[in-house]
Amino acid sequence: FGHLLGPLGALARERVDAWQALAEERGVHLVTDAETPVIASTTPGRLEQVLDNLLSNAIKYSNPGGHISVVAERVGDWVEIRVADEGIGIAQQDQERLFERFFRAEAVRSGERRGTGLGLHLVREIVAAHSGEVELTSELGVGTEVRVRLPRARRQGKSPHVSPHPDRTSTA
């Protein structure tokens, strides 16, 4: 896959819009605060997959009346995307294993919230392939925040084409 420079703020708003109907159906308030000029070098479609996995989890594990926020901003030499929810939270002993393939926290294995345990594993793999890092903090009954950090794109010499749709390859 080739890498494109893409505006993460626009992508974050696009993905929030795509998940808005499900969030509303579940009684969850989904908002975004994303800076438009935040640019990162990404593989087409992969960052969308990261955001979709994080938003899916945030909606799935939030209670009606809860809030989810998505923030995309520049932090030094990094671009950071944060997805924070006021959901059920994750026990400390489960947090170490959350990024393992097929792992699901004990509290949700027998409940009605279904999943495969692949979402966060894929998030970590995709972010690592882009020289980034993922950090998760959570507290039971309070919620969870996932921070994805990617190296900020720097333009040198001739500017690469910036695609408004990071999923699509550029012909420029």
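Refer to the structure above for everything that follows.
### Some words on the overall build of the protein chain
At step 1: Along its length, the protein chain carries five helices and seven strands.
At step 2: Listing each helix as α and each strand as β along the protein chain from the N terminus yields β-α-β-β-α-β-β-α-α-α-β-β.
At step 3: Considering the protein chain as a whole, with its 172 residues, one finds that 46% of them fall into the buried category.
At step 4: About 9,200 Å² of surface is accessible on the protein chain, with carbon and sulfur atoms providing 48% of the total.

### Notes on the sheet that holds strand β7 (residues 143-151)
At step 1: Taken together, the five strands give an open sheet; going across it, the order is β2-β4-β5-β7-β6, and neighbouring strands pair in mixed fashion. If you trace the sheet from one side to the other, it starts and ends with β2 (29-34) and β6 (133-139), each paired once. Each adjacent strand pair in this sheet contributes to an overall mean axis angle of 10 degrees, direction not counted.
At step 2: Here β2 pairs with strand β4 (residues 67-75) via six bridges, running parallel. By the bridge assignment, Val31 is partnered in β4 with Ser69.
At step 3: In the packing of helix α1 (residues 8-25) onto the sheet, the strands contacted are β2, β4 and β5 (78-85), and the crossing angle to β2 comes to about 175 degrees.

### Some thoughts on helix α2 (residues 46-60)
At step 1: A rise of 1.5 Å per residue sets the reference length of α2, with its 15 residues, at 21 Å; its end C-alpha atoms lie 21 Å apart and thus fit the reference within 8%.
At step 2: By the criterion of burial, α2 is predominantly enclosed, with eleven of the 15 residues buried.
At step 3: Inspection of α2 places Leu47, Glu48, Val50, Leu51, Asp52, Asn53, Leu54, Leu55, Ala58, Ile59 and Lys60 among the buried residues, and these make up the whole buried set.

### Concerning the packing of α1 against α2
At step 1: Contact pair α1 / α2: the axes reach a minimum separation of 10 Å and the direction vectors enclose 35 degrees. The handedness of the crossing between α1 and α2 comes out as right-handed. Where α1 abuts α2, its residues Leu8, Leu11, Ala12, Glu14, Arg15, Val16, Trp19, Leu22 and Ala23 lie against Leu47, Glu48, Leu51, Asp52, Leu55, Ser56 and Ile59.
At step 2: Looking at the contact of α1 with α2, its residues break down into eleven nonpolar, one polar and four charged.

### Some details on unusual backbone geometry
Negative phi values dominate among residues other than glycine, just as trans dominates among peptide bonds.
At step 1: Positive phi values are uncommon outside glycine, yet Ser131 reaches one of about 60 degrees.
At step 2: In this structure, Ser131 sits in the loop between α5 (119-129) and β6.
At step 3: Residue Ser131 is classed as exposed on the basis of its relative accessible area of 53%.

### Concerning the pattern of salt bridges
At step 1: Counted under the stated rule, the structure contains eleven salt bridges.
At step 2: Ionic pairing is found between Arg15 and Glu48, a salt bridge with its closest N-O pair at 3.7 Å. With a gap of 33 residues between them, Arg15 in helix α1 and Glu48 in helix α2 connect regions that are remote in the sequence.
At step 3: On the accessibility criterion, Glu48 (18% relative accessible area) is buried.
At step 4: Ionic pairing is found between Arg82 and Glu80, a salt bridge with its closest N-O pair at 2.8 Å.
At step 5: Look at Glu80 and you get buried, because its relative accessible area is 3%.
At step 6: One connected set of salt bridges, linked through shared partners, spans Glu73, Glu80, Arg82, Glu133, Glu135, Glu145, Arg147 and Arg149.

Analysis parameters
Residues numbered from 1 in each chain as written. Predicted model: local features only at pLDDT ≥ 70, side-chain atom pairs only at ≥ 80, totals over all residues. Heavy atoms only, no water. Helix = DSSP H or I, 4+ residues; strand = E, 2+ residues; numbered from the N terminus. Buried < 20%, exposed > 50% of the residue type's maximum accessible area, 1.4 Å probe, protein only. Areas by Shrake-Rupley, 256 points an atom, 1.4 Å probe, with all protein chains shown as cover. Pairing = 2+ DSSP bridges. Axes fitted to C-alpha atoms, helices over the stretch in contact; angles between N-to-C directions. Contact = heavy atoms within 4.5 Å. Expected span 1.5 Å × (residues − 1). Left-handed = near helix turned anticlockwise from the far one by under 90°. Nonpolar A, V, L, I, M, F, W, Y, C, P; charged D, E, K, R; others polar. Salt bridge = Lys/Arg side-chain N within 4 Å of Asp/Glu carboxyl O.

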